[in-house]
Amino acid sequence: PPDVKFLPYGFDRDHVGTADGNYLPIVSREMDCVQIGSARPARVTVWEALRRAEGLNNSFSGDLWGDPHFALYRNGKCTFVNQTKDFMCPRVFDAMAMGCVLMSDRVPVLMDLLEDGRHFVGYDRVMSLEGEGIPSTEWITDTIWRCKREPAWAQAIATAAYEEAWAHHTYENRIQTVLEAL
């Protein structure tokens, strides 16, 4: 119907702790890659490959919310999400709002809102043994290393994502959209 509008998740500006550009620059972050999400077998496959990668300081967690959730994103250079469908999880905007480089599969809804190479680093899914689309371990390892070796590149993406999230993807933005539609 013409009156229906898609409204993705947003983020809660009071909880992320990075208002007014108050976030760590990429070069000051302790963790190379962080990832928060349910420990589905496909994700665990990626986590295990990255744990074995020499020279990377990574942290992966199952379902985690509240202060520990935000602390991981605030201290990670990058994170990855695998949407699995034409869907955007709330972690997309949480990571962006904390200046963490987002690596994501290129699902249509994400591509409609964000620019690959500017707001996030897009990947083409490979199918896991369980049939879930995930980043290839070679690609994700190379991209994490690129964030480490090329901090100016990573910071440019993190900054553009941060600015986009704070300008257009807070829950206040979502509420305003609803109010304007009434």
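Residues numbered from 1 in each chain as written. Predicted model: local features only at pLDDT ≥ 70, side-chain atom pairs only at ≥ 80, totals over all residues. Heavy atoms only, no water.

A short note on the overall build of the protein
Helix and strand content of the protein: 8 helices and 7 strands. For the protein, whose C-alpha radius of gyration is 16 Å, the value lies close to the compact-globule estimate of 16 Å for 182 residues. C-alpha extents for the protein along the principal axes are approximately 55 × 40 × 30 Å. Here the protein holds 182 residues, and the buried ones make up 49% of them. When contacts within the protein are restricted to residue pairs at least 6 apart in sequence, those whose partners lie at least 24 apart make up 68%. Within the protein, the 26 negative side-chain charges are centred at a point lying 3 Å from the centre of the 18 positive side-chain charges. (Helix = DSSP H or I, 4+ residues; strand = E, 2+ residues; numbered from the N terminus. Rg over C-alpha atoms; globule rule 2.2 N^0.38 Å. Buried < 20%, exposed > 50% of the residue type's maximum accessible area, 1.4 Å probe, protein only. Contact = heavy atoms within 4.5 Å. Lys, Arg positive; Asp, Glu negative; His and termini not counted. Charge placed at Lys NZ, Arg CZ, Asp CG, Glu CD.)

Observations regarding helix 2 (residues 41-52)
Its 12 residues place the ends of helix 2 17 Å apart at the C-alpha level, agreeing with the 16 Å of an ideal helix rising 1.5 Å per residue. For helix 2, the set of buried residues is A42, R43, V46, W47, A49 and L50. Projected down its long axis, helix 2 shows its buried positions confined to an angular sector of 165 degrees, all on one face. (Expected span 1.5 Å × (residues − 1). Arc of directions from axis to C-beta.)

Some words on the environment of Y73
Its place among the elements puts Y73 in helix 3 (residues 67-75). Overall, Y73 belongs to the buried group, its relative accessible area being 1%. The contact partners of Y73, leaving out residues within four places of it in the chain, are R29, V34, I36, T79, R91, D94, A95, M98 and C100.

Re the sheet that holds strand 1 (residues 31-36)
What the 5 strands build is an open sheet, ordered 2-1-3-4-5; its pairing is parallel. Only two strands of the sheet have a single neighbouring strand rather than two, namely strand 2 (58-61) and strand 5 (121-123). Strand-to-strand twist across the sheet, computed as the mean angle between neighbouring axes with direction ignored, equals 20 degrees. As defined by bridge partners, strand 3 (residues 76-81) adjoins strand 4 (residues 101-105) across 4 bridges and the pair is classed as parallel. Paired with T79 across the bridge in strand 4 is L102. Along the sheet face, helix 6 (residues 137-149) touches strand 1, strand 2, strand 3, strand 4 and strand 5 and points at about 160 degrees away from the line of strand 4. (Pairing = 2+ DSSP bridges. Axes fitted to C-alpha atoms, helices over the stretch in contact; angles between N-to-C directions.)

Structural notes on the pairing of strand 2
Remark: a regular strand shows side chains that alternate across the two faces of the sheet. With 4 bridges connecting them, strand 1 and strand 2 associate as parallel partners. Considered in strand 2, the bridge of C33 is made with N58. You can see the chain leave strand 1, run along helix 2 and come back into strand 2, and the turn it takes is right-handed. (Right-handed = clockwise from strand over helix to strand, strands pointing away.)

What to know about the packing of helix 6 against helix 7 (residues 151-168)
Remark: helix 6 packs on helix 7, axes separated minimally by 5 Å, with the N-to-C direction vectors making an angle of 100 degrees. With respect to their mutual orientation, helix 6 and helix 7 come out roughly perpendicular. Facing T143, R146, C147, K148 and R149 of helix 6, the residues of helix 7 in contact are P151, W153 and A154. (Parallel < 35°, antiparallel > 145°, perpendicular 65-115°, else oblique.)

Overview of the environment of Y123
By the element assignment, Y123 lies in strand 5. Residue contacts for Y123: discarding those within four places in its chain leaves V81, N82, M103, S104, D105, R106, I134, P135 and W139. Polar contacts involving the side chain of Y123 include one to the main-chain carbonyl oxygen of V81, which spans 2.7 Å. (Polar contact = N/O pair within 3.5 Å; in protein donor to acceptor, adjacent residues only side chain to side chain.)

A look at the confidence of the model for the protein
On average, the protein scores 88 in pLDDT, and the residues at 70 or more come to 97%. Confidence scores differ between elements of the protein, with helix 1 (residues 13-16) showing the lowest mean pLDDT of 76 and strand 5 the highest of 97. (pLDDT = per-residue confidence, 0-100.)

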